[in-house]
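Chain by chain, the residues run as shown.
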Amino acid sequence: MRYDQETYRKAMQTLDRRRREAEQTAAAHKREVVAASPRAAAIFNELAQTGPLSTRIFLSGKDVHARMEKLRQHNLALQAELRTLVAQMGKPASYLDAAYTCPFCRDTGYIDGKMCDCLKTELRRILYEDLNSRAPLSLSTFDTFSLDYYPEQAEEGRPSPRALMERTLLYCRQYAANFSAHAPSMLFQGGTGLGKTHLSLAIANEVLGRGYGVVYGTAQNLATMLENERFADEESGTQENLLSCDLLILDDLGTEFSNQFVLSAFYNMINTRLLTQKPTIISTNLTLRELEDKYGVRIVSRIIGAYEVRVFAGNDVRQILRREKMNAARRGDSPRSQG
Ligand SMILES: [Zn+2]
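Everything quoted here is computed from the prediction, not taken from an experiment.

S.K.: Residue-level account of the packing of helix α11 (residues 288–295) against helix α12 (residues 297–306), with values.
M.R.: At their nearest, the axes of α11 and α12 sit 7 Å apart, and the two run at 140° to each other. By the angle between their axes, α11 is oblique relative to α12. Across from Leu-288, Leu-291, Glu-292 and Tyr-295 in α11, the residues of α12 making contact are Val-297, Ile-299, Val-300 and Ile-304. In terms of residue class, the contact of α11 with α12 is made up of seven nonpolar, no polar and one charged.

Here is the structure:
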C-alpha cells in the first residue's frame, strides 16, 4: 500500500531521530575517550589520515596494492589498540560505535533503494496508533465480543439472533485469519448497537497485526477528510490512501452529511476498489432500500452484486449495556464491555 505523506513524514522523522541520537551518543563517547587518553587522541588523528593517505598512494601509482594492504593492516592494529584502551577504561567493546536501532539500514529506512522492514514497521505502527486514537482497538477484539447479548429465541422461520451472530462471528474470525489483498468485500447491515463496529474493529485489529495497511473511518470522518482535501492547497493523500489501502473500513454509512461531491467521491471509492479487487467493509444502519434512496440504485447494485452481505440481528447491545451499567452502579460492581 502507499502511505499518505503525513504518515511517511512521521515515520521518517522517527528514524532520523534514532539515527541522530545513535550518532550523537557515539560522538560524545569519542570525545570522552579522547579527553581521557592522549594515546586514543593520537590514534583518532592517525585514523583520520587514512583517506588522504590512500589517495596519495593511488595517485603515486607505485606498489599500490602492497602499500594499501599495509595501510589496512596498520589501521586494523590501531583500531584493536583503541578497543583495548576503551576496555581499560571499563567501557564495553562497542562503546565507540553508533548503536543504530536497525543495524541493517543504519536507521536510514532504505537498503539499496528498497524500503527496510524497520520503516515498514514504523509506518504500520503510526497507522495503528492513528486508528487507535479514533477507536479503542483494545476494547474491540473477537475475544471481547460476547454472544450473550443476542436472544436465543428464533423468530418465525428465521434463525435466532444468537445463532445468526454466532455464524457471523465465526465468518469474521475466519475472514481476518485468512485475510489477503484480494479478500472479499463485506456489507454489515442492521440496526444500531448490534456489534457492527465492534466486529469491524476486531477485523481491523487482526489484519493490521498481520502487516496489512488498514484505513478505518466513519462515513462522516471520511466525508470531512475528503471535503478538506478538496479545498486544501496541497493534496494530503486522503483520496489516494482510501483507494489504495489493503483494507478500507467505512463505518456507519448513511449517517454522514452528504452532498453531490461526497456522493460521487464515495461512489468512486467503492467502484475503484471493486475494479482493483481491494476489499472494503461497509457497515450501515440503513436498509438496502434506504441506501438506494440516499446513494442511488447504481452504487447499491454494485454493492449487492459484489459484497458479502451480513445482516446483524438482535437487541441494541448498547441499550442492554446501559441497563446493566445502571444496575451494576446500583449494586456497586463493574459491567462487561461490548459496543
Ligand atoms: Zn532498517
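Following the structure, the description resumes.
S.K.: Can you explain the coordination of the zinc ion? Please cite residues and give values.
M.R.: The protein atoms donating to the zinc ion are Cys-102 (SG), Cys-105 (SG), Cys-116 (SG) and Cys-118 (SG), with metal-donor distances spanning 2.3 Å. Around the zinc ion sit four donor atoms; with metal-centred angles ranging over 100 to 114°, the donor geometry is tetrahedral. When the donor residues of the zinc ion are listed from N- to C-terminus, their spacing reads C-x2-C-x10-C-x1-C. One end of the pair, Cys-105, is in the loop between α4 (64–88) and β1 (110–111); the other, Cys-118, is in helix α5 (residues 117–134), with 13 residues separating them in the sequence. Relative accessible area serves as the criterion here: at 5%, Cys-105 is assigned to the buried category.

S.K.: An account of the pairing of strand β3 (residues 186–189) is requested, with residue identities and associated values reported.
M.R.: A two-sided burial pattern is seen for β3, the buried positions comprising Met-186 and Phe-188 on one face and Leu-187 and Gln-189 on the other. In terms of strand pairing, β3 meets strand β6 (residues 280–284) through four bridges, oriented parallel. Residue pairing in the sheet places Met-186 in a bridge with Ile-281 of β6. In the sheet, β3 pairs with strand β7 (residues 308–311) via four bridges, with the strands oriented parallel. Note that in β7 the partner of Phe-188 across the bridge is Arg-310.

S.K.: Give me the lowdown on the pattern of salt bridges, citing residues and values where you can.
M.R.: Across all of its chains, the model carries 10 salt bridges by this definition. Across the pair Arg-17 and Glu-21 runs a salt bridge whose closest N-O atoms are separated by 3.8 Å. Of this pair, Arg-17 and Glu-21 both sit in helix α1 (residues 5–36), four residues apart, which is roughly one turn of the helix. Under the relative-accessibility criterion, Arg-17 is labelled partly exposed at 37%. Classification of Glu-21 by relative accessible area gives partly exposed; the value is 41%.

S.K.: How would you summarise the sheet that holds strand β5 (residues 247–253) if you had to cite specific residues and measurements?
M.R.: Strands sit in the order β4-β5-β6-β3-β7 across an open sheet of five strands; the sheet is parallel. Looking along the sheet, the strands with just one partner apiece sit at the ends: β4 (214–218) and β7. With strand direction ignored, the average angle separating the axes of adjacent strands in the sheet is 15°. Here helix α6 (residues 161–177) sits on the sheet in contact with β3, β5, β6 and β7, set at roughly 140° to β7.

S.K.: Explain the pairing of β4 to me, using residue names and the numbers behind them.
M.R.: Taking burial as the measure, the five residues of β4 include four buried ones, the bulk of the element. Relative to β5, β4 is paired through five bridges, and the arrangement is parallel. Among the inter-strand pairings, Tyr-216 is bridged to a residue of β5, identified as Ile-249.

S.K.: I'd like to hear about the state of the cysteines, residue by residue, with values.
M.R.: Under the criterion given, the structure shown has zero disulfides. For the unlinked cysteine Cys-245, the closest cysteine sulfur is that of Cys-172, found at 18 Å. Of the residues examined, Cys-245 reaches a relative accessible area of 0% and is grouped as buried.

S.K.: Quick rundown of helix α8 (residues 219–231)? Include the residues and the values.
M.R.: In a regular helix each residue adds 1.5 Å, so 13 residues correspond to 18 Å; α8 covers 19 Å between its end C-alpha atoms and thus fits that length. Of all the positions in α8, only Ala-219, Leu-222, Ala-223, Leu-226, Glu-227 and Glu-229 are classed as buried. Seen along its axis, α8 keeps its buried residues to an arc of 165°; they face one direction. Of the surrounding secondary structure, the elements contacted by the buried residues of α8 are β4, α9 (238–244), β5 and α10 (260–275).

Parameters and conventions
Residues numbered from 1 in each chain as written. Predicted model: local features only at pLDDT ≥ 70, side-chain atom pairs only at ≥ 80, totals over all residues. Heavy atoms only, no water. Axes fitted to C-alpha atoms, helices over the stretch in contact; angles between N-to-C directions. Helix = DSSP H or I, 4+ residues; strand = E, 2+ residues; numbered from the N terminus. Parallel < 35°, antiparallel > 145°, perpendicular 65-115°, else oblique. Contact = heavy atoms within 4.5 Å. Nonpolar A, V, L, I, M, F, W, Y, C, P; charged D, E, K, R; others polar. Donors = N, O, S within 2.8 Å, 3.2 Å for Na, K, Ca; no water. Tetrahedral: all angles 85-135°; square planar, octahedral: opposite > 155°, others 65-115°. Buried < 20%, exposed > 50% of the residue type's maximum accessible area, 1.4 Å probe, protein only. Pairing = 2+ DSSP bridges. Salt bridge = Lys/Arg side-chain N within 4 Å of Asp/Glu carboxyl O. Disulfide = S-S within 2.5 Å. Expected span 1.5 Å × (residues − 1). Arc of directions from axis to C-beta.

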